[in-house]
Every structure is written in structure tokens, then in C-alpha cells.
Amino acid sequence: MSYIQGFLLPVPHDKKDAYREMAEGAVPFFRKHGMVRMVECWGEDVPRGETTDMYRGVDAAAGENVVFSWVDWGSKEICDKAAAAMMEDPEMKMPDDMPFDSKRMVYAGFETLGERGGDGETGYVQGYVAPVPKANRQAFADMCAAMRDIASDSGALRAVDGWGENLEDGKVTDFKRAVKCEDGEAVAFGFTEWPSRQVYEEGREKMRADRRMPGPGDMPLDGKRLIFGGFEVLLDTDRE
């Protein structure tokens, strides 16, 4: 099982290229400290929700989009070691002109509940963040395993589901506030990788028709507070 750091960021639409360039420039530094893979995704189909959504999760202002990203460290031990080493590394520095407001960046580490797949070039990502009662961890893991199988059979390249408990509070926002987490709930962070948006849309119809799909009453979480979206891949270090 891998260990991932998940991120949500508010980035102005006119800073898309600047953000991509910043991320590309950070790759050698992260690899130096043990990163396995970095993926940066630009919001392409991110819906507004009645209760919450990814825009509200990062307190996005007018003219800002949502970036969904993750870094795979392989294990929590490597991630923790890298975090400490980075702070002491003289090469650690922030750009003079950050293309986003870092105070509203949401991030946390997640242990992997399960994953499937891994081959092929990713062109489109469906990502989600959800509040799940800690007591429902196994039921949620079982549901995710079934969903990964259905997605894979419908054309997905890879699907990963992560679990985060005892996440730190942010000064402006954080993952718990993004999904209006309640007492006794953990935060799930996951994504499904597809070759393209077209393949995803075709696969979505196949998934809806699949008899293995769980119904609304079968979900071990409050679906009204689940936030999700579809994203274009800006950077994937596996493509290099």
C-alpha cells in the first residue's frame, strides 16, 4: 500500500501556466527526498453543491479554479522523513510570486485503503473528498473496493482510495472543514484515473448500468457532504 499526500488549491484561471511551471520546477526537489509520483490536475468539470463543494473547500474567490493533486510517497515513514529533511534543506524556498494563495491550500496525508490498476497514460481524473464515520471504515473500504472493480471494468486505468484520521486544523480552511466533518468522522480522499474525458464519460454510462453499483441507501457516509469533480491532468511525473 502507498501513502499519499492530497491537496486542494485555489488558483486563478489566468495563473494556470504559472502554476504548471511552478509544479514542474518542484519535481526534482521532491524526487530528491523520495517522492514516487506527483500528479497536478486542473478543474474541468467541478460542480457546485448545495451543502459544500470543492470551491467552498478552498474558499475560492471569483476568477479562481480548483487544483486537485496528490504526491505518492510510498509509505508514511518516507513521507515523514522527507518532510523533516525538506525543512532543513537549503534548496527549500518558495517562489517570489506564488501563483495561488497558500493560506487557502488544503493538504493532509492519507493511508491507502485500496487501489487497483496502474498501466496507461492518465489524461483525466475524477477526484473526491468525503466525510466518513470512523465506525464505518470497513463498510466504506468494501464499497470502494467494489467501485474500483466497476470503474476498472468500465475503462479506468487506476483507482485509489485513502483514509485520514486526526488531520490537523488549518488557519483558513482544511479537509475537515471542506466536507463539514462532524465528531467521530474521518476524511476520505480518492481518485480514479482515465485515459481521457471521453473515455470517462463513456465509462460513466457503463458504471451507471452496472448491477454491482451501490444505491444511495447503501453508502456508509453522508453523500450530501461528499465533494468531487473532474480534472484535466496538468502534470504527471509518470509521463516523463
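Since the model is a prediction, treat every value here as computed from it, not as a measurement.

Chemist: Please clarify how helix α1 (residues 16-32) should be interpreted in this entry.
Modeler: Count 3.6 residues to each turn of an α-helix, and residues three or four apart come out pointing the same way. The end-to-end C-alpha separation of α1 is 25 Å, in line with the 24 Å expected for 17 residues at 1.5 Å each. For α1, the principal kink sits at alanine 26 and spans about 30°; a proline, proline 28, occurs within the next four residues. The inward-facing, buried residues of α1 abut β1 (3-12), β2 (37-45), β3 (64-72), α3 (76-88) and β8 (227-236).

Chemist: Any chance you could explain the packing of aromatic side chains here in plain terms?
Modeler: To describe a pair of aromatic rings, you give the distance between the ring centres and the angle between the ring planes. The full count for this structure, using the stated rule, is 15 aromatic pairs. Relative to tyrosine 200, the ring of tryptophan 194 has its centre 5.5 Å away and its plane inclined at 70°; by these criteria the two rings are edge-to-face. Tyrosine 200 matches tryptophan 194 in its accessibility class, with the two residues each being buried.

Chemist: I would appreciate a short explanation of the sheet that holds strand β7 (residues 185-194) in the present structure.
Modeler: Strands in a sheet are paired, the pairing made by backbone hydrogen bonds, and the direction either parallel or antiparallel. Within the closed barrel, the 8 strands sit side by side as β1-β3-β2-β8-β5-β7-β6-β4. Their pairing is antiparallel. If you compare each strand with its neighbour and ignore which way they point, the axes differ by 35° on average. Where strand β4 (residues 106-117) meets strand β6 (residues 158-164), 6 bridges bridge the pair, whose relative direction is antiparallel. Residue pairing across strands places glycine 117 opposite arginine 158, the latter belonging to β6. Contacting β4, β5 (124-133), β6 and β7, helix α4 (residues 137-153) runs over the sheet at an angle of about 60° to β4.

Chemist: Help me out: how do you make sense of unusual backbone geometry in this one?
Modeler: For residues besides glycine, phi is generally negative; the peptide bonds are generally trans as well. You will see that asparagine 166, though not glycine, has its phi angle at about 55°, which is positive. A relative accessible area of 70% places asparagine 166 in the exposed class. The residue lysine 180 is not glycine, and still its phi comes out positive at about 50°. Note on lysine 180: relative accessible area 43%, which makes it partly exposed.

Chemist: When you look at the pairing of β3 in this model, what are you seeing that I'm missing?
Modeler: For a regular strand, side chains alternate in direction, first toward one face of the sheet and then toward the other. Here β3 lies mainly inside the structure; 9 of its 9 residues are buried. Examined bridge by bridge, β1 and β3 share 9 bridges and lie antiparallel to one another. The residue of β3 that forms the bridge with phenylalanine 7 is serine 69. Bridge count for β2 against β3 is 6 bridges, and the pairing is antiparallel. Note that in β3 the partner of glutamate 40 across the bridge is serine 69.

Chemist: Just to check I follow, could you spell out the pattern of salt bridges for this structure?
Modeler: Charged atoms that come close allow side chains of opposite charge to pair. In this structure the tally under the stated criterion is 30 salt bridges. Here arginine 104 makes a salt bridge to aspartate 101, at a shortest N to O gap of 2.9 Å. With a relative accessible area of 11%, arginine 104 lands in the buried category. One salt bridge in this structure joins arginine 158 and glutamate 193, with 3.1 Å as the shortest N-O distance. One end of the pair, arginine 158, is in strand β6; the other, glutamate 193, is in strand β7, and 35 residues separate them in sequence. Both residues of the pair, arginine 158 and glutamate 193, belong to the buried class. Connected via shared salt-bridge partners are Arg37, Glu115, Arg158, Glu193, Asp236 and Asp238.

Parameters and conventions
Residues numbered from 1 in each chain as written. Predicted model: local features only at pLDDT ≥ 70, side-chain atom pairs only at ≥ 80, totals over all residues. Heavy atoms only, no water. Helix = DSSP H or I, 4+ residues; strand = E, 2+ residues; numbered from the N terminus. Expected span 1.5 Å × (residues − 1). Bend = angle between axes of the 7 residues up to and from the residue. Contact = heavy atoms within 4.5 Å. Phe/Tyr/Trp six-rings, centres within 6.5 Å; stacked < 30°, edge-to-face > 60°. Buried < 20%, exposed > 50% of the residue type's maximum accessible area, 1.4 Å probe, protein only. Pairing = 2+ DSSP bridges. Axes fitted to C-alpha atoms, helices over the stretch in contact; angles between N-to-C directions. Salt bridge = Lys/Arg side-chain N within 4 Å of Asp/Glu carboxyl O.

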